[in-house]
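# Coordinates in review
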Amino acid sequence: MRKRLVAGNWKMNKTPSETKAFIQEIAPLLADADCDVAFCVPAVDIIPAVEAAKGSVIGIGAENMYFEEKGAFTGEIAANMLVDAGAKYVVLGHSERREYFGETDEGVNKKAIKAIAHGLIPIICCGESLTQREQGITLDWIRKQIRIAYFGIPAEDAVKTVIAYEPIWAIGTGKVATTGQAQEVCGAIRELMTELYSAETAESLRILYGGSVAPANAKELFAQPDIDGGLVGGASLKLDFVKVVKPE
Ligand code: PEP
């Protein structure tokens, strides 16, 4: 049985002091959550977030990392630094990183391998543009992204990862995919994982939906058979996030 994960992605929001105050305020409200909860936060917020989340159900994650172990890569952050700072998760291949910072599927693959080697849980993002959806190539595109992201990753490591399906046209737009659209793609990802690995691997791997998840739509989305929670942007910055984690 897969345990649901609801992970916030703060993007470039909240200073370290805002982080501390917010996590201290929201942690008691999430104490009875029946799923895993995470906040993936800007790098400078990781340490204060980990400290503020101590003793709570909240796990802290990063929004990116580099695939090299260490060295002359000015501005980058290595997996062991995230682990030492107390991070548990790392978001990889978010569409904003792909669009603005040239992130590729091949880079995501290298990062995923490195993250797993250091015991981080990568949340591997995939998703199609509106044009791709209108062209009817969504599933082909997603399968390509996933095949490359998991290249060379053995089954025993693949099960430790999380996939987030995030249609680009639904991110930050208030335009949520229908439950049918979200389930169709998440189901296709699980089928692909069966093909690449085994039914057992595919059944144990968590697949999240992301794209304008909010208190009003979380319950229906998370009730879909292949949707094991959400990656949540805007709604994870406010106390209302509690209603996404525990939808009524
Ligand atoms: C995201 O940042 O991954 C995301 C899905 O954002 P939003 O929930 O704001 O659409």
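To keep things clear, this report deals only with the structure shown in the data block. (Residues numbered from 1 in each chain as written. Predicted model: local features only at pLDDT ≥ 70, side-chain atom pairs only at ≥ 80, totals over all residues. Heavy atoms only, no water.)

Moving on, we come to the site of the ligand. By nearness alone, 14 residues border the ligand, and K11, E166, G172, S212 and G233 come closest of all. Note that an oxygen atom of the ligand is positioned 2.8 Å from one of the side-chain N or O atoms of H94. Considered class by class, the residues forming the shell around the ligand number four nonpolar, eight polar and two charged. (Near = heavy atom within 4 Å. Polar contact = N/O pair within 3.5 Å; in protein donor to acceptor, adjacent residues only side chain to side chain. Nonpolar A, V, L, I, M, F, W, Y, C, P; charged D, E, K, R; others polar.)

Before going further, it helps to examine the pairing of strand β1 (residues 5-9). Among the five residues in β1, five count as buried, and that is most of the element. Going residue by residue along β1, you find L5, A7 and N9 tucked away on one face and V6 and G8 tucked away on the opposite face as well. Bridge count between β1 and strand β2 (residues 36-41): five bridges; the pairing is parallel. Bridge pairing links A7 to A38 in β2. (Buried < 20%, exposed > 50% of the residue type's maximum accessible area, 1.4 Å probe, protein only. Helix = DSSP H or I, 4+ residues; strand = E, 2+ residues; numbered from the N terminus. Pairing = 2+ DSSP bridges.)

This part takes up the nonpolar core. In terms of nonpolar packing, the biggest core is built from 67 residues, with I23, F39, I60 and Y150 touching the most fellow members. The element best represented in this core is helix α9 (residues 179-196), accounting for six residues. Beyond its immediate sequence surroundings of up to four residues, I23 is in contact with W10, F39, A49, A52, A53, I58 and I60. A38, C125, V162 and L231 belong to the second-largest nonpolar core, a separate cluster that totals 13 residues. (Core = buried A, V, L, I, M, F, W, Y, C linked by side-chain atoms within 4.5 Å. Contact = heavy atoms within 4.5 Å.)

Looking at the secondary structure, you find T161 in the loop between α8 (155-158) and β6 (162-165). Note on T161: relative accessible area 2%, which makes it buried. With near-sequence residues (within four places) excluded, T161 lies in contact with I116, P122, I124, Y150, L205 and R206.

The end-to-end C-alpha distance of helix α7 (residues 138-149), which contains twelve residues, comes to 17 Å, matching closely the 16 Å that a straight helix rising 1.5 Å per residue would cover. For α7, every residue scored as buried is listed here: T138, I142, Q145, I146 and A149. Relative to the axis of α7, the buried residues are bounded by an arc of 95° and lie together on one face. Where α7 is buried, its residues contact α4 (95-101), α5 (105-117), β5 (121-126), α6 (130-134), β6 and α9. (Expected span 1.5 Å × (residues − 1). Arc of directions from axis to C-beta.)

The subject of this paragraph is the layout of surface pockets. Approximately 500 Å³ is the volume found for the largest pocket. Forming the boundary of the largest pocket are 21 residues, of which K11, E63, N64, R97 and F101 lie nearest the centre. Looking at the lining of the largest pocket, the element that brings in the most residues is α4, giving four residues. Of the residues assigned to the lining of the largest pocket, the class counts are twelve nonpolar, four polar and five charged. (1 Å grid on protein atoms, 1.4 Å probe; cavity = no way out; pocket = protein on both sides within 12 Å on 5 of 7 lines; lining within 4 Å. Points joined across faces, edges and corners; volume = space filled by probe spheres on them.)

The next point concerns the sheet that holds strand β7 (residues 206-210). A barrel is described by the order of its strands in space; here eight strands give the closed sequence β1-β2-β3-β4-β5-β6-β7-β8, paired in parallel fashion. With direction set aside, neighbouring strand axes in the sheet form an average angle of 25°. Note: β6 against β7, four bridges, orientation parallel. Considered in β7, the bridge of Y165 is made with Y209. Relative to β5, α7 is tilted by about 150°, and along the sheet it contacts β5 and β6. (Axes fitted to C-alpha atoms, helices over the stretch in contact; angles between N-to-C directions.)

Unlike most non-glycine residues, K11 shows phi in positive territory, near 55°. Assignment of secondary structure puts K11 in the loop between β1 and α1 (16-26). The exposure class assigned to K11 is buried, which follows from its relative accessible area of 19%.

Here we come to the pattern of salt bridges. Summed over all chains, the structure comprises 19 salt bridges. Between D36 and R206 there is a salt bridge, and its shortest N-O distance comes to 2.8 Å. Here D36, found in strand β2, pairs with R206, found in strand β7; they are 170 residues apart in sequence, far enough to count as distant. Accessibility classification places D36 together with R206 in one group, the buried group. With a shortest N-O distance of 3.5 Å, R143 and D140 are connected by a salt bridge. (Salt bridge = Lys/Arg side-chain N within 4 Å of Asp/Glu carboxyl O.)

At their nearest, the axes of α5 and α7 sit 8 Å apart, and the two run at 40° to each other. Judged on the interaxial angle alone, α7 and α5 are oblique. α7 is crossed by α5, and the crossing has right-handed handedness. Two secondary-structure elements touch here, α5 through D105, E106, V108, N109 and A112 and α7 through K144, Q145, I148 and A149. (Parallel < 35°, antiparallel > 145°, perpendicular 65-115°, else oblique. Left-handed = near helix turned anticlockwise from the far one by under 90°.)

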